[in-house]
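As a plain string of letters, each chain reads:
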Amino acid sequence: MKVFWFIPIFIVASAALQAAVEREPLPFRVPAALPDAAEVLSPSAIQISGWLGARLLANETNRLLTIDTEPLLAGFRHKPGSHPWIGEHVGKWMHAATLAWASTGDPRLREKLDRVAAELIAAQEPDGYLGTYAPEQRFGLYPNADWDVWSHKYCLIGLLTYYRYTGSEPALAACRKAGNLLVHTFGPGQKSILSAGTHMGMAATSVLEPMALLYRCTGDARYLDFALYIVSSWDEPKGPRILQSLTAGKGVNKTANAKAYEMLSNLVGLCELARATGKHDFLVPALNAWQDIADKRLYITGSASQGEHFHDDFDLPNQPGAHVAETCVTTTWIQLNLQLLRLTGDAKFANELEKTTYNHLAAAQNPAGGDWCYFTPLEGKKPYDSGITCCHSSGPRGMALAPEEAYLRENGALLVSTFENSSVTLELGGTEVQASQRSHFPFESGSTLEMRPTKPARFAVFIRAAPWAGPISFRVNGKAVSCAVEKGWFVIAARKWKSGDKIEMAYHLGPALVQGEHTNKGLAALEWGPFVMAFDSAANTTLPPVNQIKFADIKPRLLAGPREPFQIAAEVSVPTGSASAIFVPFADAGATGGEYKVWLPAKKL
């Protein structure tokens, strides 16, 4: 796929601008009781090209736009569906496709969205049931019929996202009917929601997220009461005790049954509940879990889990047999970090978003965009396929969230979290501002951010202090400026910006060699900017097999800088001496079927 490194900026036709405005999400009827410290912008306000832009385009055009949605809808029309969780996929697709359409405005995707939404709504039963099971096997743990609430969760997420970006009242009405059914089925004096969820009830209780959102979309207090009931249900006998365990500081591997995807989904819901209620106590377990994962269970490539569970401290095997980093976990880790970035404004969550998006999420996606991996090991061969699995539906959601990570707004300041060639349009200082970043990232260090307010406007600019980029220096209109660092952001103090003003950023890309610890002791990994690089045998056909390659020194010697397709050449040790080896991003490694490896022995460690 050809990558276009520059995008048109500043000259925007009025019709295109109006179309972008029409893709703004509807405001919530109930304002946040715990306002976001960092406000996410509509995907329509942000354009990304460069390396990541190519992946976003591939996700939309070669997955979301082309996937056959008939198998995703069939189980709703003809019950029971083909497998127990077939009902989750259409909601996941709608979530990703709506965000992608909001970003690009592609009329083909909008047409497909409208059709799928209408067909899903038409399949809803009069009582609000929006699942794929026969009447006698609903909302329980029946053989091959034990993911009913889980499927309703994803239908709600998909339809609510579609409603917020399109204003579809039928979609909101369908959500209300489904929400009412859940309220009338579960709760005090009724059936326990734990009795309808696998993994100690965590699959069912993850409906917490859309129920909190449904409350904010409608103002109906019953949905908030139901969300609070869900949290209380965790402490029922044999419940997962998520709030209690994580608040007390227990690790995620010691909470419930350590099932990673379902637990992270509940934590995302807790963040939405904190936002809806204003209760910071609901944030504590999410923050504690994040710290535990970041400190002890996170791969260098930004994901977690083996065999879909959290394991012992620093137990991070790399090989395919370990079933590394379920893509559902990768995507939900992205969702949790985005929630915590919004709620706290702390750039450490933006750092993790960058790491995960550029590495493990992109590694699970075939660069062509159509196929995904269920598990993505750090060595071996990529197990891409095009099937209908939870991960093949989750991965595109994670990719569709990437624009929201790039630029945010905090107290009237612009937050810049990306170094890609990109642009953003938003209101700052009481006026509309278009900011465009010109860069050759990741091929060259440095970028220029140009401001185009419709009239001079006063605002501050915060630029993420990326851990890989130091030292970073800044010049405003050619003059060097010193910047304080607040919560992981370089702060360019508020000033009056006029059209054409520029911020020049100078930063360092690499290379860097990371020494392995614990299960990777004696090994090293090569990094270039935020990218974790890998030795790919398909790019090194004249060299010995990957298991005979070592790093020649603890300080990598770059033999050739980045070139298209994105790769670098570094010195390695082979049985006959030293050689020049090609390293590609982990995200691209194995794309042509070659065997690859992230962690290699380092000769002088």
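This one's a predicted model, so the numbers in the text were calculated from it and none came from an experiment.

Side note on the overall build of the protein
Here is step 1 of the chain: Scanning the protein from terminus to terminus reveals 17 helices and 25 strands.
Here is step 2 of the chain: Expected size for 605 residues packed as a compact globule is a radius of gyration near 25 Å; at 24 Å, the protein falls within 12% of this value.
Here is step 3 of the chain: Expressed along its principal axes, the backbone C-alpha trace of the protein runs to roughly 70 × 60 × 45 Å.
Here is step 4 of the chain: Looking at the protein as a whole, 61% of its 605 residues qualify as buried.
Here is step 5 of the chain: Sequence-distant contacts in the protein: of pairs separated by 6 or more residues, those separated by 24 or more amount to 71%.
Here is step 6 of the chain: The average position of the 56 basic charges and that of the 58 acidic charges among the side chains of the protein differ by 4 Å.

Regarding the pattern of salt bridges
Here is step 1 of the chain: Across all of its chains, the model carries 28 salt bridges by this definition.
Here is step 2 of the chain: Across the pair Arg108 and Asp106 runs a salt bridge, and its minimum N-O distance is 2.8 Å.
Here is step 3 of the chain: The class of Asp106 is buried, set by a relative accessible area of 12%.
Here is step 4 of the chain: The salt bridge involving Arg275 is made with Glu272; its shortest N-O contact spans 3.2 Å. Of this pair, Arg275 and Glu272 both sit in helix H12 (residues 260-277), three residues apart, roughly one helical turn.
Here is step 5 of the chain: Residues joined by salt bridges that share partners form a network here, namely Asp36, Glu272, Arg275 and Arg342.

Describing helix H10 (residues 221-233)
Here is step 1 of the chain: Helix length check: H10 (13 residues) gives 18 Å between terminal C-alpha atoms against 18 Å at 1.5 Å per residue, within 8%.
Here is step 2 of the chain: Where H10 is concerned, the buried positions are Tyr223, Leu224, Phe226, Ala227, Tyr229, Ile230, Val231 and Ser233.
Here is step 3 of the chain: Buried-residue contacts for H10 involve helix H7 (169-185), helix H8 (202-205), helix H9 (208-218), helix H11 (242-247) and H12.

Description of the packing of aromatic side chains
Here is step 1 of the chain: Within this structure, the stated rule accounts for 26 aromatic pairs.
Here is step 2 of the chain: Centre to centre, the rings of Phe459 and Trp497 are 5.8 Å apart; their planes meet at 25°, and the pair counts as stacked. Residue Phe459 is located in strand E11 (residues 457-464), and its partner Trp497 is located in strand E15 (residues 489-497); the two are separated by 38 residues in the primary sequence.
Here is step 3 of the chain: Considering the side-chain rings of Phe531 and Phe566, the 4.9 Å spacing of their centres and the 80° angle between planes classify their relative orientation as edge-to-face. Residue Phe531 is found in strand E19 (residues 531-536), and its partner Phe566 is found in the loop between strand E21 (558-563) and strand E22 (567-574); the two are separated by 35 residues along the sequence. For the pair formed by Phe531 and Phe566, the shared burial category is buried.

Re the nonpolar core
Here is step 1 of the chain: Membership of the largest hydrophobic core comes to 187 residues, with the highest contact counts inside it found for Trp93, Phe226, Val461, Ile503 and Phe583.
Here is step 2 of the chain: Ranked by size, the runner-up nonpolar core spans 20 residues in total, among them Tyr299, Leu378, Ala525 and Val584.

Some remarks on the sheet that holds strand E10 (residues 447-453)
Here is step 1 of the chain: Read from one edge to the other, the open sheet built from seven strands follows the order E2-E8-E9-E10-E16-E12-E13, with strand pairing classed as antiparallel. Every other strand in the sheet has two partners, leaving strand E2 (46-48) and strand E13 (479-481) as the edge strands with one partner each. Taken over all neighbouring pairs, the strand axes of this sheet differ in orientation by 25° on average, direction set aside.
Here is step 2 of the chain: In this sheet, strand E9 (residues 431-439) lies alongside strand E8 (residues 422-428) in antiparallel orientation, the contact comprising seven bridges. Counted as the bridge partner of Glu427 is Glu432 from E9.

Section: H12
Here is step 1 of the chain: Over its 18 residues, H12 extends 26 Å from the first C-alpha to the last, a length consistent with the 26 Å expected when each residue adds 1.5 Å.
Here is step 2 of the chain: Taking burial as the measure, the 18 residues of H12 include 17 buried ones, the bulk of the element.
Here is step 3 of the chain: A positive phi of about 85° marks Gly278, the residue just after H12.

Points about the sheet that holds strand E7 (residues 413-416)
Here is step 1 of the chain: Across the sheet, six strands lie side by side as E1-E6-E7-E11-E15-E14; this open sheet has mixed pairing. Looking at the sheet topology across the chains shown, the edges are occupied by strand E1 (39-40) and strand E14 (484-486).
Here is step 2 of the chain: Across seven bridges, the pairing between E11 and E15 is antiparallel. Residue pairing across strands places Phe459 opposite Arg495, the latter belonging to E15.
Here is step 3 of the chain: Helix-sheet contacts for helix H15 (residues 347-364) involve E11 and E15, and the interaxial angle to E11 is about 60°.

Some thoughts on the packing of H9 against H10
Here is step 1 of the chain: It is the contact of H9 with H10, at a shortest axis distance of 8 Å, that shows an interaxial angle of 160°. When the axis of H9 is compared with that of H10, the two are roughly antiparallel. Judged by the twist between their axes, the crossing of H9 over H10 is left-handed. In this structure, H9 contributes Leu208, Met211, Leu214, Tyr215 and Thr218 to the contact, and H10 contributes Ala221, Tyr223, Leu224, Phe226, Ala227, Ile230 and Val231.

Some remarks on the side chain of Gln335
Here is step 1 of the chain: Tracing the backbone through its elements, the reader meets Gln335 in helix H14 (residues 327-344).
Here is step 2 of the chain: Taking the relative accessible area as the measure of exposure, Gln335 reaches 9% and is therefore buried.
Here is step 3 of the chain: Beyond its immediate stretch of four places on either side in the chain, Gln335 contacts His95, Glu209, Val268, Arg397 and Leu401.

Details of unusual backbone geometry
Here is step 1 of the chain: In this model, Phe441 is joined to Pro442 through a cis peptide bond whose omega is 5°.
Here is step 2 of the chain: In this fold, Pro442 is placed in the loop between E9 and E10.
Here is step 3 of the chain: With omega at -15°, the peptide bond leading from Glu564 into Pro565 counts as cis.
Here is step 4 of the chain: Within the element layout of this structure, Pro565 appears in the loop between E21 and E22.
Here is step 5 of the chain: With phi around 60°, Met200 is a residue other than glycine that occupies positive phi space.
Here is step 6 of the chain: At Asn477, a position not held by glycine, the phi torsion is positive, near 50°.

Criteria and cut-off values
Residues numbered from 1 in each chain as written. Predicted model: local features only at pLDDT ≥ 70, side-chain atom pairs only at ≥ 80, totals over all residues. Heavy atoms only, no water. Helix = DSSP H or I, 4+ residues; strand = E, 2+ residues; numbered from the N terminus. Rg over C-alpha atoms; globule rule 2.2 N^0.38 Å. Buried < 20%, exposed > 50% of the residue type's maximum accessible area, 1.4 Å probe, protein only. Contact = heavy atoms within 4.5 Å. Lys, Arg positive; Asp, Glu negative; His and termini not counted. Charge placed at Lys NZ, Arg CZ, Asp CG, Glu CD. Salt bridge = Lys/Arg side-chain N within 4 Å of Asp/Glu carboxyl O. Expected span 1.5 Å × (residues − 1). Phe/Tyr/Trp six-rings, centres within 6.5 Å; stacked < 30°, edge-to-face > 60°. Core = buried A, V, L, I, M, F, W, Y, C linked by side-chain atoms within 4.5 Å. Pairing = 2+ DSSP bridges. Axes fitted to C-alpha atoms, helices over the stretch in contact; angles between N-to-C directions. Parallel < 35°, antiparallel > 145°, perpendicular 65-115°, else oblique. Left-handed = near helix turned anticlockwise from the far one by under 90°.

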